[in-house]
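Each chain, written out:
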Amino acid sequence: MPWGVGPGGPPFILSNGLSVLSGIRRVDAADEHLLSAPLSRASRTMPGTVVVGTQFGDEGKGKIVDVLAEASDLVVRFNGGANAGHTVQVGGEQFAFRLLPSGIIRPKVLNVIGNGVAVDPGQLLEEIDALRARGHGVQNLRVSDRAHIVMPWHKTLDELEEKAKGAGMAAGTTKRGIGPVFEDKVGRWGIRVTDLLDDIVLRKKLDAIYPVKQKVSRAFGGTDTFSLDAVYNRYRGYGDRLREFVADTSVVVHDAIRGGKSVLFEGAQGTLLCVDHGVYPYGTSSACVAGAATVGVGIGPSAIDRVVGVAKAFTSRVGEGPFPTEVDDPVASHFRERGGGEYGTVTRRPRRVGWIDLVMLRYAARVNGLTDLAVTKIDVLAGLETVQAAEAYDHFDTELRHFPANMRVLAECSPEYRDFDGWEDLPAKEWRRIAGKGFDALPKAAQAYLRWIEGEVGVPLAFVSVGRGREDTIDLRKAAAPAKAPERKATESPRKPAKTKASRRR
Ligand code: IMP
């Protein structure tokens, strides 16, 4: 019997040419307010904007998304899963989301979890319950019926596979099952949101998948025994609770774009963690670059007008792998303490920290096609006498300006630093006052540092963040004439670039 056709007849309903399962949200009825004008680029009032991380994640994307969400109708997640931790501060309240899009606390913004996201239903329901308990509604949430589901064996295998890989191959994952769920997606062993809503399909798939996963788990030395019936009942239950949010979200987003609405695509992780363009195999298992928004949502590239790359004023990462600009104490402690949160949002591991790396940022600008740059945590660098920035790598006396694919080469690279004067430490309320006044109110040395970064990356600076709150953000687009690509060369006369003193790791 083919999947989806039960003894009682086909459970599918055809409506307006769309194939939808009985019980799933009818997008054309509930989202009617999003439909109107015909598709015409000229008629679109606001653009499709993608926000991506340009480093190893944790750049402060959640905050930039939150600021941009104010002028958006939709916020859409397109990659990653519960390995992400997006922190948003609103007034006195702080929210840390793993699966929920960062616009969820704005009731007028429709928040979408696209098909490219690995959905852990237990985690998602926990976040929904926690928001409700704090008095926030979630009626503005839609979840793709095509998104893949994190199953119990994915988390177990995440641990076991990391152990099997051992030092040198293990990425230091968040243990959220992300690698295994995407392995199953590509291997066509996956269970999708739509399956949770259909008892027959779910049971049939589990009957096929479960014994195989038991074998695989045992082959890796696992001792877990999942009860098939328990998994089936639990995930059916998840389906029942999530049903009200499930939709064909490609239709939702497409119709919003047709209706001239503003759509913000929220990337998780960062470019250097991308499975295609990152520090493979030390990154994550989904694509984290802007192009992934098309596949991970079900829209075409023509829907994207703007790509905002978020960079922290320094670099940080959790997990393994080469990190050329990594620093030790006392600078590391300065970054961690002033950063106020340089601990993994998901794992609470202390983040590895280092100077900003322009080889990475230029690479990120290229592979994402950045149109705008946002630099966060400029206040964290305050109080340092000298601020350094890597502008190239030295690899056995050869200068590398492009990010290498070979991780051994990357580990052997020494950063070529440019030194900048530091800027004074200021109380939080002074930073907020500066943010209110604009870019020119920043300490002059910070301005020079930021303008140099902008010139090196070759992408106009659109936002500078000097604190956690929405109000601590300078929006340079408000003050400036239409942005044009800045000159490639730095304008100020820097001190002679000093090569790092750190010995190369051969
Ligand atoms: P995974 O995504 O849990 O498989 O982890 C793979 C690598 O990506 C590990 O080094 C993680 O620490 C890192 N990682 C995954 N998600 C994030 C994130 O949202 N921020 C920062 N690092 C992340």
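Residues numbered from 1 in each chain as written. Predicted model: local features only at pLDDT ≥ 70, side-chain atom pairs only at ≥ 80, totals over all residues. Heavy atoms only, no water.

K.L.:
Mind laying out the confidence of the model for the protein, listing which residues take part and the relevant values?
P.N.:
The share of residues in the protein with pLDDT of 70 or more is 84%, and the mean pLDDT across the chain is 87. Between residues 1–23, whose pLDDT stays under 50, and residues either more than four places distant or in other chains, the model counts 36 contacts. (pLDDT = per-residue confidence, 0-100. Contact = heavy atoms within 4.5 Å.)

K.L.:
Which residues make up the pattern of salt bridges, and what are the values?
P.N.:
According to the stated counting rule, one finds 28 salt bridges in the structure shown. Through salt bridges with shared partners, a single ionic network connects D66, R106 and R470. (Salt bridge = Lys/Arg side-chain N within 4 Å of Asp/Glu carboxyl O.)

K.L.:
Tell me what's going on with the site of the ligand, and back it up with residues and numbers.
P.N.:
In the neighbourhood of the ligand, 17 residues make up the surrounding shell, with N83, A171, T174, T284 and R317 lying closest. Take Q269: an N or O atom from its side chain is 3.2 Å from a nitrogen atom of the ligand. With the chains in place, 97% of the 470 Å² that the ligand exposes on its own is no longer accessible. By residue class, the composition of the shell around the ligand is six nonpolar, eight polar and three charged. (Near = heavy atom within 4 Å. Polar contact = N/O pair within 3.5 Å; in protein donor to acceptor, adjacent residues only side chain to side chain. Areas by Shrake-Rupley, 256 points an atom, 1.4 Å probe, with all protein chains shown as cover. Nonpolar A, V, L, I, M, F, W, Y, C, P; charged D, E, K, R; others polar.)

K.L.:
Just give me the short version of the environment of Y393, but keep the residues and values in it.
P.N.:
By the element assignment, Y393 lies in strand 18 (residues 386–395). Expressed as a C-alpha distance, the spacing of Y393 and T325, which sit 68 residues apart in the sequence, is 9.7 Å. Engagement of the side chain of Y393 in a polar contact is seen with the side chain of D357, the distance being 2.5 Å. (Helix = DSSP H or I, 4+ residues; strand = E, 2+ residues; numbered from the N terminus.)

K.L.:
Any details on the packing of helix 4 (residues 152–165) against helix 5 (residues 178–187)? Residues and values, ideally.
P.N.:
Close contact between helix 4 and helix 5 brings their axes to 7 Å; oriented N to C, the two are set at 110°. Judged on the interaxial angle alone, helix 5 and helix 4 are roughly perpendicular. Helix 4 and helix 5 meet at a crossing whose hand is right-handed. Judged by residue contacts, W153, H154, L157, D158 and E161 of helix 4 engage I178, P180, V181, E183 and D184 from helix 5. Partitioned by chemical class, the residues of the contact of helix 4 with helix 5 number five nonpolar, one polar and four charged. (Axes fitted to C-alpha atoms, helices over the stretch in contact; angles between N-to-C directions. Parallel < 35°, antiparallel > 145°, perpendicular 65-115°, else oblique. Left-handed = near helix turned anticlockwise from the far one by under 90°.)

K.L.:
With reference to specific residues and values, describe the packing of aromatic side chains.
P.N.:
A full pass over the atoms with the stated rule returns ten aromatic pairs. Between Y235 and Y238 the ring centres are 5.0 Å apart and the planes differ by 85°, which places this aromatic pair in the edge-to-face class. Highlighted residues: Y235 and Y238, both in helix 8 (residues 228–242), separated by three residues, approximately one helical turn. Judged by relative accessible area, which is 16%, Y238 ranks as buried. Ring centres of F420 and W452 lie 5.0 Å apart, and the angle between their planes is 55°; this geometry places the pair in the tilted category. Residue F420 is found in strand 20 (residues 414–421), and its partner W452 is found in helix 15 (residues 444–457); the two are separated by 32 residues along the sequence. Its relative accessible area of 5% is what places F420 among the buried residues. Judged by relative accessible area, which is 1%, W452 ranks as buried. Ring-pair connections join several aromatic residues into one group, and the members of that group are F420, W423, Y449 and W452. In this arrangement the basic side chain of R203 is found over the ring face of Y232, its NZ or CZ atom lying 5.0 Å from the centre. (Phe/Tyr/Trp six-rings, centres within 6.5 Å; stacked < 30°, edge-to-face > 60°. Buried < 20%, exposed > 50% of the residue type's maximum accessible area, 1.4 Å probe, protein only. Lys NZ or Arg CZ within 6 Å of the ring centre and 35° of its normal.)

K.L.:
I'd like a rundown of the sheet that holds strand 4 (residues 74–77), residues and numbers included.
P.N.:
Spatially, ten strands are ordered 11-9-7-4-12-3-13-17-21-22 in an open sheet, and the strand pairing comes out mixed. The open sheet has two edge strands with one neighbour each: strand 11 (246–247) and strand 22 (473–475). Where strand 17 (residues 372–376) and strand 21 (residues 461–465) come together, three bridges link them in parallel fashion. Looking across to strand 21, one finds that A374 is bridged to F463. (Pairing = 2+ DSSP bridges.)

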